[in-house]
Every structure is written in structure tokens, then in C-alpha cells.
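# Fold and contact review
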Amino acid sequence: MKIAIIGSGYVGLVTGTCFAELGNDIICVDIDKEKIDKLNKGIIPIYEPGLEELVKRNKKEGRLAFTADLKDAIKKSDVIFICVGTPPRENGEADLSHVEAVARIIAEAMDSYKLIVEKSTVPVETGEKVAAAIKAYNKHKVDFDVVSNPEFLREGSAVNDFMNPDRIVVGANSKKAIDIMKKLYEPLKAHVLVTDIKSAEIIKHASNSFLAAKISFINAIANICEKTGADVEKVAEGMGYDKRIGKAFLNAGIGYGGFCFPKDAEAFIRIAEKNGYDFKLLKEVQEVNKKQRELFIRKIEKALWVLKNKTIGVLGLAFKPNTDDMRFAPSIDIINALQKEGAKIRAYDAEAMEKAKKIFSDITYCKDAYEAASGADALVILTEWNEFKELDLKKIKGLLKNPLIIDGRNIYEPEIMKKEGFKYISIGR
Ligand code: NAD
């Protein structure tokens, strides 16, 4: 099939590349010319395991192209995926201006039947509004369908998630559109759930909010464990064996960040509000998440007493491992708070330092974890990169001014850390 992907970020680039890998002809479009130039030169603007190799191969074999010319891409394609960003507005609602802008250009450019696929995460009823906008600006009066096809991939394992989805959700109200979508996804041999458009839109917000709730739930439990002397890791394990609960997303820590959970939960609260429902449960999920960072900052302050002129080594900046994405990363609030108190930061992240440099100018970026620990009064772990789990702890101890580790991701065993001679502070243990 001939497909245009509008928005070549974390979702669009992975979606386009994977559909090319499945044998389709793909044009990835972006408004950001610099991004398109890089992609045309074979430079991948994001870090995502396995993506670079797939982009290069499919580009070389002529199934994947990159352009900033949206109209041309629309004319050449039968299916158009909208993968632009839907960032939060100041009031927490999703900013749909990019989606709206794209819808209008599609309407003006399309000169034959097009299937327009909403893949960006959007509030319920956006599909209707996209269809209405396209109808209003439909210059050549051609037929079209709009479907909702929310994306569930996780950054850090996006290619694998796209190729092996738990389910594919298609919200549609036309048989023609459903048939095209089923054909497109057929090679993945995954379960395709067909719903109405609004239900598909809500499935995405409900899923992300539910996962965020699991994280906040175990963080609330971690706080009770700390007060009572229980071990949240054991509690989570004991809960997770129950098939009704499951082990995933029961990791206590400094809470969720990234471009999905915080903004999607906030947007869902606003959607509920607009529809007359006070989603108190989800508000509390967000509140627990916010508090979790504050509690972690208090832990650092308590352990170091005065922060002014103390040097803190920070391991991990990205919002989670295996990505370079810094959007809404807990590290931002935590480092800002420590700097406000006068602490000096030496930081290392395996992939996110280039993006972090646009956020923090006044921290020392280090070449590895050992350099970050060197001469520091404490080492703070903010992202659970695998390489941090395998550190030479004797070497770390020798480099630190004070053998203090404050671990926001529970990557070490307290018993081992004690034996190694560290003062080790973690979450819920
Ligand atoms: P992103 O910021 O990485 O990518 C969006 C891209 O759209 C950018 O490159 C931007 O330049 C481009 N763009 C904006 N306006 C445009 C226009 N008018 N024409 C062409 N390109 C335009 O964002 P992302 O992380 O890929 O997220 C995209 C959507 O997918 C969001 O709605 C997000 O909530 C959702 N989503 C994200 C993830 C994730 O893990 N990142 C997972 C599932 C769903």
C-alpha cells in the first residue's frame, strides 16, 4: 500500500519504518526540515533500539522516503497516518493545533479517496472533528474515511512493540476503512479489535491512565512499606503472582514521566471534566506521582543535610532506560530542585545527554557513571539503565567522597550495598 506518515517523531518514524519493512511504500513527512534533512542523510534523530538498521535498509530498498512536502505525500498515498504531537496546553488539555493543521492540508490536497488514520493520542470525539474539518475544506470533493488507530508502542522497545502488538485497535464506521486497516496489519498476525471511533479513542487514554494508576498505586504502597519496615519489592512480587494483577508496572520508584502518561492522564481528567465527570481517582494518581518526586528530593536533602556546594553525581536523565527522550522526565524536577538549593550536578546518561543539554546548561556532563561519581558527596540513580546494574561498586566507593547512594529505581539489593560499605537509600525498603 502507498502510505503517508505525517509527523516523523518517535511514533511516526517507527510506524513508517515498520510498515515499510512489511512491504509497503512509505513517505514520512515532517514540518521540521532539519529532521527530514537528517533522515535523508541517514542520520536518525532519535535513539530507538533496532530502528537505525531498519530505516537504512528500507530506504536503500526504495520503500521508505522522507519529505517536508506534505501535499505531495498526500497526493501520492492512499492511506495517511496522522502522527503529529499532541502536547499538553497550560490547562492540561491536549493541544490539537497540529492535528487540525494537518487535517486542513489533507482536505485541500487530496484528489482521490483517502483513508485518514488518527494515530496521535487524542481526546474522544477528535475523530469526528477531524472528519468535519476535512469535509469543510474538501477542495476536490473526494470520498474519504477517518479511523482511529491508537498506538501502544513503548519508547525503548518501539520497533519490537510495533511488530508484536498485544492488540491492534481500529475505531471505524465504514467497512471499506476496516478492510483496508485489516489488510495493512494482516502480516503482524495480531488480534484486531474493531470498535466505533470514540471507543478507540477512549481505549488509548484509559489504557495509559490505568498503567499510570498501577505505578502510583505501588508508590503509595512503597510509602506505607517505608513507614512500617516492610519491603515493597516483596510486596509487589507477592501481588504480581496474582494473574488478575500481574507483575508489570508494579515497580516502586520516583514515578512516571515521558511524553505519554503525565500528559495523557491530565488530558483524560480534562475530558472527563468537560463531560461532567470529576475523575478524582485519576487526579489522585497524578498527585501521588508528583509527590513521589518531592519525597525523593526530601530523602536526598535528609541524607546530605545541607545541599549548598555539595556535589551530586546523577546516573540517568532520560525518563526511562533505552531512550534518549527527556520530555517530562523526573530528572528535570529533581535536578532543578537540587540546583535551587545550591547543589552541583555531575550527570551521566547512556543516550539522553544531547537532549538534556537543551534543558540544563549548568551541569557537568560525564563520559560514564564513574566520572559522575568522582568526587561526589552522593550518587543518585534516576534512570534504571542496565549498565548501572553492573557497576564496579568497589570502584564507585573509592571515587565517591562519601559512600552514599540514593536510588530512585531500586536497582540494587540493600543487603549487598550494606556489605559493600555504602549508606544505601532506596524506595519502599
Ligand atoms: P514527536 O514530537 O516525537 O513527533 C511529532 C512530530 O510531528 C514532530 O517531528 C513534529 O515536527 C511533527 N509535526 C508537528 N506538526 C506537523 C505538521 N503540521 N506537519 C508535519 N509534521 C508535523 O511525538 P511522538 O512521541 O512521536 O508522539 C506523537 C503522538 O503519538 C502523540 O499524540 C503522542 O501522545 C502519541 N504517542 C506517543 C508515544 C510515545 O511513546 N512517544 C506512544 C504512543 C502514542
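An account of the accompanying structure is given in this report.

Another point: the packing of helix α9 (residues 197–228) against helix α12 (residues 280–304). Packing of α9 against α12 leaves a shortest axis separation of 9 Å and a crossing angle of 45°. Overall, the two elements α9 and α12 adopt an arrangement that is oblique. Crossing handedness for the pair α9 and α12: left-handed. For the pair α9 and α12, contact is made by Ser209, Ala212, Ala213, Ser216, Asn219, Ala220, Asn223 and Glu226 and by Leu282, Val285, Val288, Asn289, Gln292, Leu295 and Lys299, respectively. Of the residues assigned to the contact of α9 with α12, the class counts are 7 nonpolar, 6 polar and 2 charged.

With that out of the way, let us pick up the sheet that holds strand β10 (residues 344–348). The strand order β11-β10-β9-β12-β13-β14 describes an open sheet built from 6 strands, whose pairing is parallel. For this open sheet the edge positions go to β11 (364–365) and β14 (423–425), each flanked by a neighbour on one side alone. For β10 and β11, the ladder comprises 2 bridges, and the chain directions are parallel. Directly across from Arg346, in β11, lies its bridge partner Thr364.

For the rest of this paragraph, the subject is the pattern of salt bridges. The full count for this structure, using the stated rule, is 32 salt bridges. Measuring nitrogen to oxygen at the nearest pair gives 2.6 Å for the salt bridge that ties Asp278 to Lys283. Looking at Lys283, the relative accessible area reads 31%, which means it is partly exposed. Several salt bridges converge on common partners, so that one network encompasses Glu21, Glu53 and Arg57.

Conventions adopted
- Residues numbered from 1 in each chain as written.
- Predicted model: local features only at pLDDT ≥ 70, side-chain atom pairs only at ≥ 80, totals over all residues.
- Heavy atoms only, no water.
- Axes fitted to C-alpha atoms, helices over the stretch in contact; angles between N-to-C directions.
- Helix = DSSP H or I, 4+ residues; strand = E, 2+ residues; numbered from the N terminus.
- Parallel < 35°, antiparallel > 145°, perpendicular 65-115°, else oblique.
- Left-handed = near helix turned anticlockwise from the far one by under 90°.
- Contact = heavy atoms within 4.5 Å.
- Nonpolar A, V, L, I, M, F, W, Y, C, P; charged D, E, K, R; others polar.
- Pairing = 2+ DSSP bridges.
- Salt bridge = Lys/Arg side-chain N within 4 Å of Asp/Glu carboxyl O.
- Buried < 20%, exposed > 50% of the residue type's maximum accessible area, 1.4 Å probe, protein only.

That is the geometry; function is a separate question.
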